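Structural description and commentary
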Amino acid sequence: MMWYGRHHVDEDDIQAVLDQLRHRSLTQGPAVGEFERAVASYVGARYGVAVTSGTAALHLACAAAGLGPGDTLVTSPTTFVASANCAAYVGATPEFADIDPATLNLDPAELERRCAGFQRVRAIVPVHFAGLPCAMPEIRAVANRLGAIVVEDASHGLGGRYQDGSRIGSCAHSEMTVFSFHPVKPITTAEGGMIMTNDEALYRDLLRLRSHGINKMDDALLDPEHAYTDGLVNPWYYEMQELGFNYRITEIQAALGSSQMRKLDRFLARRRALAARYDEAFRGSDFIRPAQAGGRELSGHHLYTLRIPFGRGCVTRAAYMRRLFEAGITAQVHYVPVPLHPYYRRRGHRAEDYPNSWQYYQEALSIPFFYDLTDGEQDGVVRTLFDKLH
Ligand SMILES: *Cc1c(COP(=O)(O)O)cnc(C)c1O
């Protein structure tokens, strides 16, 4: 069965994990810091904080930003639910603004228009859909006019670049950027995520919040009476200074992550070549069009997503996906719009209120796209896609 996405783990990844298990620490050792520095130096950010998932990374970013009840976070309706849920975790209110149909990313003009109707917008969460960079200078400008911070959901974006050539994750236009290392994402640690930032105060907050809110680095101790004996810190003493979590990633996962980072450019080059081959194969088709036609040189190439006018001169999507499945291809729809989920509908959201996102959802399909996909297999996918359409 050929999935829309799949990890690539090879012999030296396995060796890195075995070495870690045999000879090194399992948790709270040096491997996590090494992984954080590898990602930070690759993307050009000062700090990285590795955590248990991309979702945990989004949650910690909201907590470190001090979002809470009465605050609003605005994101795209065309994303995974975690981009919005992170607001709810801290008691803030998730809201949405429509996408630009050409990029599938937040439309800055729509963002500004929607935000005018929201109370206390404190955070904007742009999602670099499939790794294509959002219009960051424009989104930054909207955030500045609102007095909001920007947290980039770059779960798809590791390896991609902004229009100015700097890497997604450098936080050139944001306070924080979040990556996911779920197996379908650009690199994997099985489960995992990371928050990038250039702000030392946020970095320290993130470190503390990752581990129960207990003091880290050279945090000033808040209770000297119990912290010190004869002017020296008590050897056993630690302080929980705020309510945090246990979102620590393991050393084993970090070893896998560092090993995967060394292959990221190779992964990206192959996925870019596959995207160019698909683009060529679908050129001129009346029914099968790439959903994001531009920005191929900048994208992190996480997904290859099509737009097909299902049910209008060709099969329905449900029938098409079943036919593809029988032919050994597991396609997927990215995404069920977040406001369509019953949890969000119960809170008054309507997916139809975002017409570009809604229209895209009717037509969307992601097809097999991953490092190990061979040219021959890809040609087979293309043939099957055309064969099963009518
Ligand atoms: C995968 C993903 C997440 C969540 O990441 P996990 O590591 O699975 O928790 C968040 N946002 C987007 C856009 C994603 O694709």
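The sections below set out a description of the structure shown in this document.

So, how was this worked out
- Residues numbered from 1 in each chain as written.
- Predicted model: local features only at pLDDT ≥ 70, side-chain atom pairs only at ≥ 80, totals over all residues.
- Heavy atoms only, no water.
- Pairing = 2+ DSSP bridges.
- Helix = DSSP H or I, 4+ residues; strand = E, 2+ residues; numbered from the N terminus.
- Buried < 20%, exposed > 50% of the residue type's maximum accessible area, 1.4 Å probe, protein only.
- Polar contact = N/O pair within 3.5 Å; in protein donor to acceptor, adjacent residues only side chain to side chain.
- Expected span 1.5 Å × (residues − 1).
- Contact = heavy atoms within 4.5 Å.
- Axes fitted to C-alpha atoms, helices over the stretch in contact; angles between N-to-C directions.

Some points on the sheet that holds strand 12 (residues 305-307)
Spatially, 11-12-14 is the arrangement adopted by the 3 strands of the open sheet, whose pairing is antiparallel. For this open sheet the edge positions go to strand 11 (289-290) and strand 14 (364-366), each flanked by a neighbour on one side alone. Judged from the 2 bridges that link them, strand 11 and strand 12 form a sheet pairing that is antiparallel. Bridging from a neighbouring strand, Pro290 pairs with Leu306 of strand 12.

Some points on the environment of Asn234
For Asn234, the location among the structural elements is in the loop between strand 10 (232-233) and helix 9 (251-261). Overall, Asn234 belongs to the buried group, its relative accessible area being 6%. Reaching out from Asn234, the side chain makes a polar contact with the backbone oxygen of His226 at a distance of 2.9 Å.

Observations regarding helix 14 (residues 375-387)
For an α-helix, 3.6 residues make a turn, and residues three or four places apart therefore share a direction. Taking 1.5 Å of rise per residue, the 13 residues of helix 14 would be expected to cover 18 Å, and the 18 Å separating its terminal C-alpha atoms lies within 8% of that figure. Every buried residue of helix 14 is listed here: Gln378, Gly380, Val381, Val382, Thr384 and Leu385. Those residues of helix 14 hidden inside the fold are in contact with strand 1 (2-3), helix 10 (264-282), strand 12, helix 11 (317-326) and strand 13 (329-330).

So, the sheet that holds strand 5 (residues 121-125)
Pairing is mixed in the open sheet, where 7 strands are placed in the order 2-8-7-6-5-3-4. Looking at strand neighbours, the two that pair on one side only are strand 2 (47-51) and strand 4 (93-96), the edges of this open sheet. Pairwise comparison of adjacent strand axes, ignoring direction, gives a mean angle of 25 degrees for this sheet. Relative to strand 8 (residues 193-197), strand 7 (residues 176-180) is paired through 5 bridges, and the arrangement is antiparallel.

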